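Take a look at the letters that make up each chain.
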Amino acid sequence: MTDEPHIIKQLNRIERENERQDGDWKIVSQPLHLKGIDNLRDMGGIPTRNGRVIRTHMLFRSANLHKASDAALHELDAFGLRNVIDLRTKQECRLEEDRLLPDWQYDWFPMFQEMGEFGSQVKGIVANPGTFIESLYPQMLKSDTAVHCWRECFVRLLDEPGAYLWHCTQGKDRTGGLAALILAALDVSDELIVEDYLETNLFMPHITSTLAKKVELVLGERVDGDINQFLIAAPAYIRAFMHAADEYGGLDGFLRERVGLSDADFAKLRDTYTEPAK
């Protein structure tokens with residue numbers, strides 16, 4: 001093994017590039033700087049197209065909670081958080097188990113069933129450098145596993161109203177997909193959905209050293225694939241996700257036809273998680 005594998009060099013380079021570009025990304029969901037939780041944001045305050053805003057301290061997105069400090073967990077609890085949705089695979093959960101408070105409801109709704117399945121897909125980065133992650137995003141709408149995951153998430157949001165936090169490992173791809181669907185359900189504009197997704201770029205440099213080890217486990221230390229895809233929330237990725245819903249008339253149409261939301265469901269979600277703008 002070399003002193004600095006190729007993959008580490010790429011990660012270091014992308015970290016520098018992201019740091020130079022930090023000023024390009026808008027703040028849409030509000031960052032919360034709680035110890036041990038990366039990419040944690042409160043979606044409260046995001047405006048909808050019908051003159052409402054998302055309620056504060058109701059919808060949170062983040063990276064995993066494996067290193068969350070006691071103080072961070074208790075602060076989230078003080079905000080009213082009681083529900084956590086984990087979108088990771090079983091193997092990811094075992095590798096880095098969430099830290100939770102005893103009275104929190106934890107739901108595991110994996111986007112990918114097994115790490116072996118995910119690993120085989122991740123190896124596509126070798127054959128398709130620079131485009132693999134972009135090609136993966138439409139599958140987060142088209143695959144049966146993904147649709148089942150989204151249905152379970154919305155059943156929880158509807159049947160057990162309250163404050164929710166959802167996450168994957170980095171808080172970028174799977175977390176970004178659920179964030180986009182929730183924002184669409186709450187009548188947030190496509191422009192703000194994209195900008196909220198891109199905001200993740202502000203936080204990615206802080207987790208690259210950890211990510212490097214995980215990617216090497218899947219791809220191997222000598223892989224020459226373009227690792228940029230794992231570290232950047234690119235406009236092309238979220239647009240690929242949204243374009244995959246075009247056949248349904250957009251994300252809200254996807255939610256109606258594939259996830260099964262009714263007019264009454266949309267009304268309940270908007271009444272529960274948004275309020276009139278002040």
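For the structure, check the block above.
Computed from a prediction, not measured in an experiment: that's the story for all the values here. (Residues numbered from 1 in each chain as written. Predicted model: local features only at pLDDT ≥ 70, side-chain atom pairs only at ≥ 80, totals over all residues. Heavy atoms only, no water.)

1. Quick look at the environment of V259
- Along the chain, V259 falls in helix 14 (residues 251-259).
- Separated by 110 residues in the primary sequence, V259 and C149 place their C-alpha atoms 9.3 Å from one another.
- Excluding anything up to four places from it in sequence, V259 contacts W150, R151, F154 and F254. (Helix = DSSP H or I, 4+ residues; strand = E, 2+ residues; numbered from the N terminus. Contact = heavy atoms within 4.5 Å.)

2. Some remarks on the sheet that holds strand 7 (residues 163-167)
- The six strands lie next to each other as 1-2-4-7-5-6, forming an open sheet whose pairing is mixed. Sheet topology places strand 1 (30-31) and strand 6 (105-108) at the edges, where each strand pairs with a single neighbour.
- Judged from the two bridges that link them, strand 1 and strand 2 (residues 41-42) form a sheet pairing that is antiparallel. Each bridged residue has a counterpart across the sheet, and for P31 the counterpart in strand 2 is R41. (Pairing = 2+ DSSP bridges.)

3. Looking at the packing of helix 10 (residues 190-198) against helix 13 (residues 235-243)
- One way to put it is that helix 10 packs onto helix 13 with a least axis distance of 9 Å and a crossing angle of 135°. Taken together, the axes of helix 10 and helix 13 are oblique relative to one another. In terms of crossing hand, the pair formed by helix 10 and helix 13 is right-handed. Residue-level contacts link D190, I193, V194, Y197 and L198 of helix 10 to P235, Y237, I238 and M242 of helix 13.
- Grouping the constituent residues of the contact of helix 10 with helix 13 by class yields eight nonpolar, no polar and one charged. (Axes fitted to C-alpha atoms, helices over the stretch in contact; angles between N-to-C directions. Parallel < 35°, antiparallel > 145°, perpendicular 65-115°, else oblique. Left-handed = near helix turned anticlockwise from the far one by under 90°. Nonpolar A, V, L, I, M, F, W, Y, C, P; charged D, E, K, R; others polar.)

4. Remarks on the packing of aromatic side chains
- If you walk through the whole model with that rule in mind, you get four aromatic pairs.
- Relative to F79, the ring of F60 lies with its centre 6.2 Å away and its plane at 10°, an arrangement referred to as stacked. Taken together, the residues span a long stretch of sequence, with F60 in strand 4 (residues 59-62) and F79 in helix 2 (residues 70-79) at a distance of 19 residues.
- Given a relative accessible area of 0%, F60 falls into the buried group.
- Both rings, one in Y137 and one in Y197, keep their centres 5.9 Å apart while their planes meet at 85°; by these two values the pair is edge-to-face. One end of the pair, Y137, is in the loop between helix 6 (132-136) and helix 7 (139-142); the other, Y197, is in helix 10, with 60 residues separating them in the sequence. Each member of the pair, Y137 as well as Y197, is classed as buried.
- Every member of this aromatic cluster is reached through a ring pair, and the members are Y137, Y197 and Y237. (Phe/Tyr/Trp six-rings, centres within 6.5 Å; stacked < 30°, edge-to-face > 60°. Buried < 20%, exposed > 50% of the residue type's maximum accessible area, 1.4 Å probe, protein only.)

5. A closer look at helix 14
- Here helix 14 has its buried residues at L251, G253, F254, L255 and V259.
- One or two steps after helix 14, the chain reaches G260, where phi turns positive at roughly 95°.

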